[in-house]
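Close look at the chain arrangement
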Amino acid sequence: MLPLGRHQLPRVYLVSQPLRTAGLRLYSHTAEGASRKRIRPLVYGAFVTGAVAATYLLWPNESRSAPTYSNELLSPTHFTPATLVASEPCTDSETRLLTLAVPPYLLPSREELMFNPIWSIFVKDDDIQVERPYTPLEGIDDEGRMKFWIKKYPKGEVGRWLHSKKVGDKIEIRGPLKTWPWQDGKWDEVVMISGGTGITPFYQLLHHTILQNPSRYLNTRFTLLHASRRPLELPPPQMLAPLLSSAQEHPERLNVVLHVDTLEGPEHPLVASSVLRVGRINQRAIESALEVDKRKESWWRSLLPIGAKAGPERQESKRILYLVCGPEPMIAAIAGPFGRDFSQGVVGGILGSMGCTKDQVYKL
Ligand SMILES: Cc1cc2nc3c(=O)[nH]c(=O)nc-3n(C[C@H](O)[C@H](O)[C@H](O)COP(=O)(O)OP(=O)(O)OC[C@H]3O[C@@H](n4cnc5c(N)ncnc54)[C@H](O)[C@@H]3O)c2cc1C
């Protein structure tokens, strides 16, 4: 998951970064003394061009900024005022768990396909009129509540703005927007590889498929390989506890492996450092997670000729999909960089060298 958003984002989102950059350039100056005179016409020319561009970009425009409606159903085409109902600090002080609520009478039917995982919503920073996508961890409940794990970057706009909001404040949102369409049984195994808050879409998928209904039969098994820099930067206990207990109770459905770059700093309050893998997620880590899965295959399934083949043959013929979400350098190292115009690009990195093809890999 990219901080700047790689999905097919509406223009209001895409123009927001150049706007800030243009603003910075207008105030920068390096020319001194006599040379200043020579470049003055150029500076004025640049200023006029900049002013025209800024007027065009900043002027309210239907195609760039969606309207806000308080009495229409929640929709991707307009903003809806939501209320911040909780803002909890996390073990990683750069992140918080925020809960937003929209009035229940503004909820479209939750049976709608658009609420199937994985989906996100756009949050608008009212101060600077930019929006960023965020992923409701548990979808949306009947009261219209959505919980998010949100990171603030030192110079990041919307993350810092959200962290500064107080319970009771209004925050405009629009959505849902599809991040990736889940379909049970399309793959035998889905391997999710995440870094930092890149775990949020995978949490939503696992909450929908396993956590909220542990007895539901599924045709797909899940492996989650997650990496954070230090133990305290791992997701908060509120997220890790349900994932780890589900993996413990149903190893045949879910396998969770947690990596940290270093064990430096305090332990995570829930996960002992001794069970963490130290070092980045590499080919060996991916292969061994799949081998562990194979060993954990329930004993009766490997004895009885039910469904697909057992043993190594079965593993090879398995339809495996890799989903990757995290900081851009991590995505590039695991699956190759994104392509031009927000496209998926070629499969490279570790998954490329493992021989994965483009229909086996999706970068979020
Ligand atoms: C589908 C989707 C779902 C997502 N879900 C979540 C989620 O659930 N939780 C979550 O935390 N994030 C999520 N994200 C990421 C999120 O949308 C934002 O991109 C992220 O919060 C950063 O936005 P920002 O406005 O805070 O930072 P930005 O202002 O966009 O800055 C991003 C980065 O650029 C750097 N930067 C900014 N300005 C400068 C500058 N002048 N010079 C140098 N560097 C600079 C910042 O330090 C930061 O590292 C999701 C992204 C997508 C695409």
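Remember, it's a predicted structure, so these values are computed and weren't measured experimentally.

Regarding the UniProt feature "binding site: FAD" (unreviewed entry) in the chain
When the UniProt feature table is mapped to this numbering, "binding site: FAD" (unreviewed entry) covers Arg 132, Pro 133, Tyr 134, Lys 151, Val 158 and Thr 200. Here Tyr 134 lies in strand β4 (residues 130–134). Ignoring sequence-local partners within four residues, the contact set of Tyr 134 consists of Ser 120, Ile 121, Val 123, Phe 148, Ile 150, Val 158, Gly 159 and Leu 162. Tracing the backbone shows Thr 200 in helix α5 (residues 200–211).

Describing the nonpolar core
Here is a general trend for soluble globular proteins: nonpolar side chains tend to be buried in one another's company. If you look at the biggest cluster of nonpolar residues, it comprises 35 residues, and the most contacted ones within it are Met 192, Phe 222 and Leu 323. Looking at this core, the elements that each hand over two or more residues are β7 (189–195), α5, β8 (221–228), α6 (237–249), β9 (254–260) and β11 (320–325). For this core, the leading source of residues is α5, giving six residues. For this core, the domains that each give at least three residues are domain 2 (80–178) and domain 3 (189–363). Not counting residues within four places of it along the chain, the set of residues in contact with Leu 323 comprises Trp 180, Val 190, Val 191, Met 192, Ile 193, Phe 202, Leu 205, Tyr 362 and Leu 364.

Comments concerning the sheet that holds β4
Strand pairs in the sheet, formed through backbone hydrogen bonds, run parallel or antiparallel to each other. Taken together, the six strands give an open sheet; going across it, the order is β4-β3-β6-β1-β2-β5, and neighbouring strands pair in antiparallel fashion. The open sheet terminates on both sides in strands that have one partner only, identified here as β4 and β5 (145–151). Across the sheet, the axes of successive neighbouring strands diverge by a mean angle of 40°, strand direction being ignored. Taken together, the seven bridges between strand β2 (residues 95–101) and β5 define a ladder with antiparallel strand orientation. Its bridge partner being in β5, Arg 96 is matched across the sheet by Ile 150. With respect to the sheet, helix α4 (residues 157–164) is in contact with β2, β3 (119–125), β4, β5 and β6 (170–178), its orientation differing from that of β3 by roughly 80°.

Cut-offs used in this document
Residues numbered from 1 in each chain as written. Predicted model: local features only at pLDDT ≥ 70, side-chain atom pairs only at ≥ 80, totals over all residues. Heavy atoms only, no water. UniProt positions renumbered as here; feature names shortened; annotations may be inferred. Helix = DSSP H or I, 4+ residues; strand = E, 2+ residues; numbered from the N terminus. Contact = heavy atoms within 4.5 Å. Core = buried A, V, L, I, M, F, W, Y, C linked by side-chain atoms within 4.5 Å. Buried < 20%, exposed > 50% of the residue type's maximum accessible area, 1.4 Å probe, protein only. Domains from an automatic or database assignment. Pairing = 2+ DSSP bridges. Axes fitted to C-alpha atoms, helices over the stretch in contact; angles between N-to-C directions.

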